[in-house]
Every structure is written in C-alpha cells, then in structure tokens.
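For reference, the chains in residue letters:
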Amino acid sequence: MGTEGELYYWDYLGLDALLASQQPISGGEGEPAHDEMLFIIVHQCFELWFKQILVELDDAVGTMHADTVPEKEMGRVVDRLDRIIAIQRLLTGQLEVLETMTPLDFLDFREQLAPASGFQSVQFRLVENRLGLDPEQRLTIAGASYTDVMSDEHRRMIEETERAPNLRDAIDRWLARTPFLRFGDFDFWAAYREAVDAMLERERAKVSEHPNLDDASRDEQLQAVEESAAQFETLFDAEQYERLRERGHRQLSQDAFCAALLISLYRDEPLFQLPFRLLTAVTDIDEGFAAWRYRHALLAHRMIGGKVGTGGTAGHTYLEAAARKHRVFRDLFDLPTFFVPRSALPELPAEVREQLSFRYESAPA
Ligand code: HEM
Ligand SMILES: N[C@@H](CC(=O)c1ccccc1NC=O)C(=O)O
C-alpha cells in the first residue's frame, strides 16, 4: 500500500493474485524446466485477452440481438468488433514468442501436462459459441462432445452459451430485416439476374476463346463456370437454398444472405456504409480466428511432430481440420461468387436511392 487511502498501482491491478499465479509443475523438488514459465505466461495472456474478447462480444451481441437496432448504436457495435480484430492480430503474433521454445525443451515438461490441453480452454469455447459456431458442425473426437473433457460446472456454462444469443444469429435477424430486400414495383432481383446471366455468358465466351488452353483445361474451366451458374440458381430458389443450408453449405437464412449481397453490391450508398463496415468486421473476425487456428496448427506440428495431443486428439491433423471446418461466417466469404462488376449492376430506382441517402444531402440548400 502506498500512501494511506490513495489508490495504489499494485492493488488496483490485483498483482498479488496475478503474479502469484505462475506455478510450474516440472522439476519436482529440483529446478523446473526453464521454458515452463514462458509456456504458462503465454497461455495466461491468451486467457486474459479471451476475457476481453468476451466483454466486447457480449456487448455487440446484446445490441445486435434486439428486435430493432437503432442506427445510432451501429457505430459502437463496429467499434467493439474492430477491437476484437486488433486483439486477434496480437494473439496470432504472440505465438511467435512461444516458438522461441524448441521442441526438445518443450519435451522437458510436456509429458507432465497430460491430460490437460488447450482443448480444455473454457473461454475459447465461450468465444466460439458467442460468435455462433454451429454445434452440429463441430468435429467430434471418438464420438465424444468437446465438453466431455470439462468439469461439470464448465460443461454447464459452455452448453448454456450454445443456446444463448450469438453474433451469427443476431446478424442473420438484423440482415433479414433490411427494408430494401423488396423494392415495391421495381423487380430488383430480376434485373440483377439479367446482369448475372450476362456476366456468366461473358465468362463462358472468355474460356471458349482463350488461346492458351488445352481441351482438358477448357472443359474444366467451363465446368467451373457452370458450377457458378448452378450456385446462382440456389440464390434465387428458396427450396434449393434451404437444401444447401441443410447440408451445411450455407448458414445464413436466404433473406439474410440476399441482404448481405445487396449491402455489399451497393455499399457506396450512404445508408449501406455502416452495415457494410459491420459485415467487413465480422468477415475479419472469422478470418482472424481461422488464421489463428492455422498458425496454432503449424506451431503444434513443429513442436510435437506427428504425436497425438495431450488432450486426446490426433494432434496437428485435428487442428488443421478444425481450422477448415470451424468457421462462423463462411457465407460472407462466398458472397463475391455472386458479384457482378459495378458497371453491370442494375441501377436502383430513384426513390430507393433517395431513401438510402443521408437526409441533409437531399435537403434544399
Ligand atoms: C507448445 C505449444 C502448443 C502446442 C504443442 C499445442 C498443441 C495443441 C494440440 C495438439 C491441440 C489439440 C488438442 C489435444 O489433443 O491436445 C491443441 C488444442 C488447443 N490449443 Fe494448443 N498448443 C500449444 C499452444 C497453445 C497456446 C499458446 C494456446 C493459447 C491459448 C493454445 C490453445 C489451444 C486451444 C484453444 C485448443 C483447442 C483448439 C480446438 O479444439 O479447435 N495452444 N493444442
Ligand atoms: N496439447 C499440447 C500441450 C499443450 O500445448 C497444452 C497443455 C496444457 C495446457 C495448454 C496447452 N496448450 C495448448 O494446447 C500437446 O499435445 O503437446
């Protein structure tokens, strides 16, 4: 304690507890393995940042999950998400510090860690669930649930967040409410479809006329164009879209997906600018976690080679599969499949453009 009654740095930050919380287990009565302190501290930093990510996510979900989201609050939601993105960069960069430990030095204490593993990180699971990772999309290890390795209390906590509001659902509902999905008299989707058909026709012609393609490559590329065309059909056809969704190829509802497409295509319109930033932020977050997962899989590979993990998974091959599969906003990455160049976009009807502009712009001087 510094001067009586005044706030003291050490106490304010709870450093008694924080700095007494690094307890190496290696070495028995003797010296612990030198690198175990680094191993503990790096993990603790991760957990602290996971805590901060949860604070930001809870706030963002709280706002976005409401039945109406006042435009005024959207900027703050984007700020929260941008903060998460900054933290994610830090987390991925932080793995470098741990990589100054060599695999042989890790083995000085690794065997004593089992069966503990990052697989048991409760906060990491809370982040995944708060973001909206679909429980049905999760990889299972020998048929077991990812919560089987947790204490009863932690399992309950995690399973609760599977049912609680999450960012993906909240954004789905918010997108599906976009007022401009239907344009009154103007059949936007028919006009858009014409632009798409024209674009596909250009792509077919480009492949057919390409001077440097052999027959096999040409067939392959034409096939790819036809696959794009088939994907467009799913966009316009509710039943086909639903089937894609059931097979796990889409997560957003059809209305939400179309709204995201509209916002992305017409993002220059003033009223779409903030929604577009929100979509960009959640895309960044999904990419940030995927990048962390791949980076962590590489770290695990170089540290333990082909060994199985202390948490009971296959090790780096499990982590790579999780990086591929455990995605929350994959739909947003698929959106550009459906983009046409600005020059080919249907013009919005004047009254819609008017509604999408800021009031002071259209007010007389
Ligand atoms: C020497 C460094 C590390 C190695 C060798 C390593 C290895 C592994 C392995 C093999 C797994 C799969 C589960 C298992 O069977 O154990 C795993 C999971 C995990 N690790 Fe690490 N890890 C390391 C560092 C870290 C750090 C610094 C964090 C930060 C918190 C972390 C967080 C996680 C998480 C969250 C999982 C679960 C991933 C998922 O299920 O998608 N790991 N780790
Ligand atoms: N799962 C790692 C061990 C490990 O890295 C770890 C062990 C205990 C607590 C956290 C860990 N970090 C990430 O999994 C391994 O199999 O080597």
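Residues numbered from 1 in each chain as written. Chains lettered and ligands numbered in written order. Predicted model: local features only at pLDDT ≥ 70, side-chain atom pairs only at ≥ 80, totals over all residues. Heavy atoms only, no water.

### Digging into the overall build of the protein
Of regular secondary structure, the protein possesses 17 helices and zero strands. Along the first, second and third principal axes, the C-alpha set of the protein runs to 80 × 65 × 35 Å. Relative to its 365 residues, the protein shows a buried fraction of 42%. Of the contacts formed within the protein by residues at least 6 apart in sequence, a portion of 75% connects residues at least 24 apart. In the structure as shown, the protein presents an accessible area of about 20,300 Å², 53% of it carried by carbon and sulfur atoms. In the protein, 39 side chains carry a positive charge and 64 a negative one; their mean positions are 2 Å apart. (Helix = DSSP H or I, 4+ residues; strand = E, 2+ residues; numbered from the N terminus. Buried < 20%, exposed > 50% of the residue type's maximum accessible area, 1.4 Å probe, protein only. Contact = heavy atoms within 4.5 Å. Areas by Shrake-Rupley, 256 points an atom, 1.4 Å probe, with all protein chains shown as cover. Lys, Arg positive; Asp, Glu negative; His and termini not counted. Charge placed at Lys NZ, Arg CZ, Asp CG, Glu CD.)

### Looking at the site of ligand 2
All residues adjacent to ligand 2 are Phe39, His43, Phe106, Arg110, Leu113, Ala116, Ser117, Gly118, Ile304, Gly309 and Thr310. One of the side-chain nitrogen or oxygen atoms of Arg110 is found 2.5 Å away from an oxygen atom of ligand 2. Backbone polar atom of Gly118 to an oxygen atom of ligand 2: 2.8 Å apart, as the coordinates give it. For ligand 2, the protein covers 80% of the area, taking 390 Å² as the surface of the free molecule. Among the elements of the structure, α3 (36-64) and α5 (103-110) are those that each provide at least two residues to the shell around ligand 2. A class-by-class count of the residues in the shell around ligand 2 yields five nonpolar, five polar and one charged. (Near = heavy atom within 4 Å. Polar contact = N/O pair within 3.5 Å; in protein donor to acceptor, adjacent residues only side chain to side chain. Nonpolar A, V, L, I, M, F, W, Y, C, P; charged D, E, K, R; others polar.)

### Points about the coordination of the iron atom of ligand 1
Protein coordination of the iron atom of ligand 1 is limited to a single donor, His296 (NE2), which sits 2.1 Å from the metal. Taken together, the six donor atoms surrounding the iron atom of ligand 1 define angles of 77 to 180° at the centre, an arrangement classified as octahedral. Locating His296 in the fold gives a position in helix α13 (residues 273-304). (Donors = N, O, S within 2.8 Å, 3.2 Å for Na, K, Ca; no water. Tetrahedral: all angles 85-135°; square planar, octahedral: opposite > 155°, others 65-115°.)

### Describing the site of ligand 1
The full set close to ligand 1 counts 28 residues, and Ser117, His296, Gly311, Thr313 and Tyr318 are the nearest of them. Residue Gly312 places a main-chain N or O atom 3.4 Å away from an oxygen atom belonging to ligand 1. Between ligand 1 and the protein, one listed contact pairs an oxygen atom with a side-chain N or O atom of Thr313 at 2.7 Å. Residue assignment for the shell around ligand 1 shows that the elements contributing at least two residues are α3, α6 (122-131), α13 and α14 (316-325). Of the residues forming the shell around ligand 1, the biggest block, seven residues, is contributed by α13. Residues that form the shell around ligand 1 fall into these classes: 16 nonpolar, 10 polar and two charged.

### What to know about the environment of Met303
Position of Met303 relative to the elements: it lies in helix α13. Overall, the relative accessible area of 9% leaves Met303 in the buried class. A C-alpha to C-alpha distance of 19 Å links Met303 and Ile25, two positions 278 residues apart in sequence. Excluding residues within four positions of it along the chain, Met303 makes contact with Leu98, Glu99, Met101, Thr102, Pro103 and Phe106.

### Section: the pattern of salt bridges
Tallied over the entire structure, the rule returns 23 salt bridges. For Arg168, the salt bridge identified is with Asp169, shortest N-O distance 3.9 Å. When its relative accessible area of 33% is taken as the criterion, Asp169 is described as partly exposed. Asp215 is the salt-bridge partner of Arg218, the closest N and O atoms lying 3.6 Å from each other. (Salt bridge = Lys/Arg side-chain N within 4 Å of Asp/Glu carboxyl O.)

### Things to note about the UniProt feature "binding site: heme" (unreviewed entry) in the protein
In the numbering used here, UniProt assigns the "binding site: heme" (unreviewed entry) feature to His296. For His296, a relative accessible area of 23% corresponds to the partly exposed category. (UniProt positions renumbered as here; feature names shortened; annotations may be inferred.)

### Overview of the environment of Glu354
Mapped onto the fold, Glu354 is located in helix α16 (residues 350-355). Given the relative accessible area of 40%, Glu354 is considered partly exposed. Sequence separation of Glu354 and Asp334 is 20 residues, and the distance between their C-alpha atoms is 29 Å.

### Some remarks on the UniProt feature "binding site: substrate" (unreviewed entry) in the protein
Residues annotated by UniProt as "binding site: substrate" (unreviewed entry) correspond here to Phe39, Ile40, Ile41, Val42, His43, Arg110 and Thr310. Examined against the element boundaries, Phe39 turns out to sit in helix α3. Look past the residues within four positions of Phe39 in its chain and what remains in contact with it is Leu98, Met101, Phe106, Phe109 and Leu113. By secondary structure assignment, the location of Thr310 is in the loop between α13 and α14. According to the relative accessible area criterion, Thr310 is partly exposed, its value standing at 22%. Beyond its immediate stretch of four places on either side in the chain, Thr310 contacts Arg110, Ala114, Pro115, Ala116 and Ser117.

### Describing the nonpolar core
The biggest cluster of nonpolar side chains holds 93 residues, and the ones touching the most others in it are Leu81, Leu175 and Tyr192. Apart from the residues lying within four places of it in its own chain, the contact partners of Tyr192 are Phe232, Leu235, Phe236, Leu261, Leu265, Phe338, Phe339, Val340 and Pro346. (Core = buried A, V, L, I, M, F, W, Y, C linked by side-chain atoms within 4.5 Å.)

### Focus: the packing of aromatic side chains
Under the counting rule described, the total for this entry stands at 13 aromatic pairs. Taking 5.5 Å as the distance between ring centres and 45° as the angle between the ring planes, the aromatic pair formed by Phe124 and Trp292 counts as tilted. Of this pair, Phe124 sits in helix α6 while Trp292 sits in helix α13, and the two are 168 residues apart along the sequence. Given a relative accessible area of 13%, Trp292 falls into the buried group. Each member of the aromatic cluster is reached from another via a ring pair, and the members are Phe46, Phe50, Phe124 and Trp292. (Phe/Tyr/Trp six-rings, centres within 6.5 Å; stacked < 30°, edge-to-face > 60°.)

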